[in-house]
Amino acid sequence: GAVVSQHPSWVICKSGTSVKIECRSLDFQATTMFWYRQFPKQSLMLMATSNEGSKATYEQGVEKDKFLINHASLTLSTLTVTSAHPEDSSFYICSADYRDYNYGYTFGSGTRLTVV
Amino acid sequence: AQKITQTQPGMFVQEKEAVTLDCTYDTSDPSYGLFWYKQPSSGEMIFLIYQGSYDQQNATEGRYSLNFQKARKSANLVISASQLGDSAMYFCAMLYYNQGGKLIFGQGTELSVKP
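Residues numbered from 1 in each chain as written. Chains lettered and ligands numbered in written order. Predicted model: local features only at pLDDT ≥ 70, side-chain atom pairs only at ≥ 80, totals over all residues. Heavy atoms only, no water.

Caption draft 1: The arrangement of the overall build of chain B in detail. Summing up its helical and strand segments, chain B has 0 helices and 12 strands in all. Listing the helices and strands of chain B from first to last along the sequence gives β-β-β-β-β-β-β-β-β-β-β-β. What you see for chain B is a C-alpha radius of gyration of 14 Å, in line with the 13 Å of a compact globule of 115 residues. Projected onto the principal axes, the alpha-carbon positions of chain B cover approximately 45 × 30 × 20 Å. A buried classification covers 50% of the 115 residues belonging to chain B. Look at the contacts in chain B between residues 6 or more apart in sequence, and 54% of them connect residues 24 or more apart. Working note: accessible area of chain B is about 5,300 Å², and carbon and sulfur atoms make up 48% of it. (Helix = DSSP H or I, 4+ residues; strand = E, 2+ residues; numbered from the N terminus. Rg over C-alpha atoms; globule rule 2.2 N^0.38 Å. Buried < 20%, exposed > 50% of the residue type's maximum accessible area, 1.4 Å probe, protein only. Contact = heavy atoms within 4.5 Å. Areas by Shrake-Rupley, 256 points an atom, 1.4 Å probe, with all protein chains shown as cover.)

As structure tokens, then:
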């Protein structure tokens, strides 16, 4: 149980275009989801907290107009990288708040974004 | 500032030996949780073990155990009988209950198991 499906697994886009990443909780309702960004050999940096039906809470230094987060239902949260630039190339991964400590927080499989 | 620190960027261990990965944290909250995750090259995050701040005993999960020293604010991961498949990035993370339940990660330790 507690599966989060993240799509796409990888995406290549042209500079200036927008990319949408989806995270779906398959067998539970995720009131809260978290979005992280990870550069190679580095830590997961929390970008924002996504709550169903309300505006996302962004961490300091994260541009909310560039990284649009929508959590319209209890099973779907999306991250849209708008006007992507090469420096946005990174690994993006979502996590759902699933307070079953046998599993910890449940993570998606991640999306590797390359902007060319 | 609330933060979590892993001071070992990389570690090597011989197959079948035990290894300890260090993690220290800093928080003023009395209630928190500590996690360890494994991230292989595929990128997936694999939950290993959890310790609550009020737990009296150290957590154990199979070959993984967490050496929780609350007064020292450390939560080291011990992997016994290392296997080649243990080679991966390992992240310590802290759960902040008072901040919407967000999980903040340390810098990570890259573990390499030698045959």
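Caption draft 2: Seen up close, a nonpolar patch on the surface. All names here are of chain A. A contiguous nonpolar patch, built from W10, I12 and V116 and spanning about 370 Å² of accessible area, is present on the exposed surface. With respect to the helices and strands, W10 occurs in strand β2 (residues 10–13). Relative accessible area serves as the criterion here: at 59%, W10 is assigned to the exposed category. (Patch = residues over 30% accessible without salt bridge, like charges linked within 9 Å, V, L, I, M, F, W, Y side chains within 5 Å. Salt bridge = Lys/Arg side-chain N within 4 Å of Asp/Glu carboxyl O.)

Caption draft 3: A look at the interface of chain B and chain A. Taken together, the contact pairs 19 residues of chain B with 18 residues of chain A. Summed over both sides, the interface of chain B with chain A buries roughly 1,700 Å², with 58% coming from carbon and sulfur. Area buried by chain B at its contact with chain A is led by M45, K102 and F105 of chain B, which between them contribute 25% of it. Here E110 of chain B and K41 of chain A are joined by a salt bridge, their closest N and O atoms 2.9 Å apart. Inspection of the chain B/chain A interface yields 7 residue pairs in polar contact (both at pLDDT 80 or more). Those elements that place two or more of their residues in the side of chain B that touches chain A are β5 (32–39), β6 (46–52), β10 (88–96) and β11 (102–105) of chain B. Among the elements that line the side of chain B that touches chain A, the one with the most residues is β11 of chain B, at 4 residues. Residue composition of the side of chain B that touches chain A, grouped by class: 11 nonpolar, 6 polar and 2 charged. (Buried area = accessible area lost by both parts, 1.4 Å probe. Polar contact = N/O pair within 3.5 Å; in protein donor to acceptor, adjacent residues only side chain to side chain. Nonpolar A, V, L, I, M, F, W, Y, C, P; charged D, E, K, R; others polar.)

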